[in-house]
Amino acid sequence: MVQRVLLILAVLLAALPAAARTVTDSAGRTVEVPDSVGRVFAAGPPASVLVYVLKPEALLGWPRALRAEERPYVAEPYRDLPETGRLTGRGGDANLELVLALKPDVIVDFGSVRDTYVSLADRVQAQTGIPYLLFDGRFESTAASLRAAGAALGVADRGEALARDVEASFAGLDAALAEIPEAQRPRVYLARGPDGLETGLKGSINTEIIERAGGRNVADPGDGRRGLVQASLEQVIVADPDTIVTWDRNFYRAVRADPLWAGIAAVRRGRVYLSPTAPFGWIDRPPSLNRLMGLKWLAGLFYPERFPSDLRTQVRTFYSTYYHVNLDGPAIDRLIEWADGRTP
């Protein structure tokens, strides 16, 4: 008799809805999420980095499967997660049937919280019934987003620890940059793509790392516009940046021998720098928490006398703290060589 009663109680309890709580995301949306979040669908590449950094065991897949050169820089249990596509951003290709089949507790996006993305979040949430959280991916909001996302995913302590690390890094950078007049800061161009002619306007999420590291983005229309744009070579020549940063290996290999770029100050002076992209780009691709490593690297390139820290130590510490992986010597060597222009 007792066993029968217990069985009936168990069935009744299983039929009850899961405990839930209310979360307010960076867009001010009030979303009800499960009390325990164990399965997360990342809406795009920036979100996948955020979730992996905060709670890797909850990440259901990568928007794009990891490539061979990226795998050693991700903790082993998460190297073979499936490719899930993306719901947001350029080339959003994840279908809602796949999302539903993965049975996530929540969908997370990290980046812009403009109306376009709020509308997408509301629409997907209505269509699937899955809570959809938006977190602000701008550099200035990094600490706040880590705290909010950490709390939402049930890892508030880790979110807080990383937020404090970000705040300390920003404070140290700002203290040093306060002594450098604007006119003495490097004039920087971010060259995207194999021809180097895609870039981001000043203040865009793809290039704000330049300004945050103390550079002046030469792609500044002066009217507040932001986002990625296609530049002409003539525009780059007129802007005449003294520093060029790229993550595209083809452009990096070709630019120094290209007579059309030869007269630009950055090329003449040998100040064209290649960003590593393993497992994620140091300056972009995607514009997520991975840029925190790039911030340290760029500050050292722009102001070596003010930021003389050992890059090897910075890499080892960052990858351990954020990416859950303790790199061996050869793995660190490959990243250092990559940053020196010798690609894998």
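Asker: Tell me about the pattern of salt bridges, and name the residues and values.
Answerer: Evaluation of the coordinates by the stated rule reveals 20 salt bridges. For Arg192, the salt bridge is made with Glu198, and the minimal N-O distance between the two is 2.8 Å. A relative accessible area of 9% means that Arg192 is categorised as buried. For Glu208, the salt bridge identified is with Arg291, shortest N-O distance 3.0 Å. In this pair, Glu208 sits in helix α7 (residues 208-212) while Arg291 sits in helix α11 (residues 291-302), placing the two residues 83 residues apart along the sequence. Residue Glu208 is classed as buried on the basis of its relative accessible area, which comes to 12%. In this structure Arg291 comes out as buried when scored by relative accessible area, which is 1%.

Asker: An account of the confidence of the model for the protein is needed here, citing residue identities and associated values.
Answerer: When pLDDT is averaged across the protein, the result is 93; 94% of the residues are at 70 or more. Per-residue pLDDT stays below 50 along residues 1-17; that stretch engages in zero contacts with residues further than four places along the chain or on separate chains.

Asker: Explain empty space enclosed by the protein to me, and be specific about the residues and the numbers.
Answerer: As enumerated under the stated definition, the model contains one cavity of 30 Å³ or more in all. Taken as a whole, the largest cavity spans an internal volume of roughly 30 Å³. In this structure, the largest cavity is lined by Phe110, Gly137, Phe139, Thr142, Ser288, Leu289, Arg291 and Leu292. Partitioning the lining of the largest cavity into residue classes produces four nonpolar, three polar and one charged.

Asker: Tell me what's going on with the layout of surface pockets, and back it up with residues and numbers.
Answerer: Put simply, the second largest pocket is a space of about 480 Å³. Lining the second largest pocket are 24 residues, and of these Leu295, Lys296, Trp297, Ser309 and Gln314 lie nearest its centre. Those elements giving two or more residues to the lining of the second largest pocket turn out to be α6 (156-177), α11 and α12 (311-323). Residue composition of the lining of the second largest pocket, by class: 14 nonpolar, eight polar and two charged.

Asker: Mind laying out the side chain of Thr199, listing which residues take part and the relevant values?
Answerer: Within the secondary structure, Thr199 is located in strand β7 (residues 198-200). Apart from residues lying up to four places away in sequence, Thr199 is in contact with Tyr189, Leu190, Arg192, Ala219, Gly227, Leu228 and Val229.

Asker: Any details on the sheet that holds strand β6 (residues 187-191)? Residues and values, ideally.
Answerer: With respect to topology, four strands assemble into an open sheet ordered β8-β6-β10-β11, the strand pairing being parallel. Of all strands in the sheet, those with a lone pairing partner are β8 (216-217) and β11 (272-274), marking the two edges.

Asker: Can you tell me about α12, naming the residues and giving the values?
Answerer: A rise of 1.5 Å per residue sets the reference length of α12, with its 13 residues, at 18 Å; its end C-alpha atoms lie 17 Å apart and thus fit the reference within 8%. Considered for burial, the residues of α12 that qualify are Val315, Phe318, Tyr319, Tyr322 and Tyr323. Take α12 and look down its axis: the buried residues cluster within an arc of 95 degrees, on one side only. The inward-facing, buried residues of α12 contact α2 (45-54), α6, α11 and α13 (329-339). With its phi angle positive at about 65 degrees, His324 sits one or two positions after the end of α12.

Here is what the cut-offs are and how they apply
Residues numbered from 1 in each chain as written. Predicted model: local features only at pLDDT ≥ 70, side-chain atom pairs only at ≥ 80, totals over all residues. Heavy atoms only, no water. Salt bridge = Lys/Arg side-chain N within 4 Å of Asp/Glu carboxyl O. Buried < 20%, exposed > 50% of the residue type's maximum accessible area, 1.4 Å probe, protein only. Helix = DSSP H or I, 4+ residues; strand = E, 2+ residues; numbered from the N terminus. pLDDT = per-residue confidence, 0-100. Contact = heavy atoms within 4.5 Å. 1 Å grid on protein atoms, 1.4 Å probe; cavity = no way out; pocket = protein on both sides within 12 Å on 5 of 7 lines; lining within 4 Å. Points joined across faces, edges and corners; volume = space filled by probe spheres on them. Nonpolar A, V, L, I, M, F, W, Y, C, P; charged D, E, K, R; others polar. Pairing = 2+ DSSP bridges. Expected span 1.5 Å × (residues − 1). Arc of directions from axis to C-beta.

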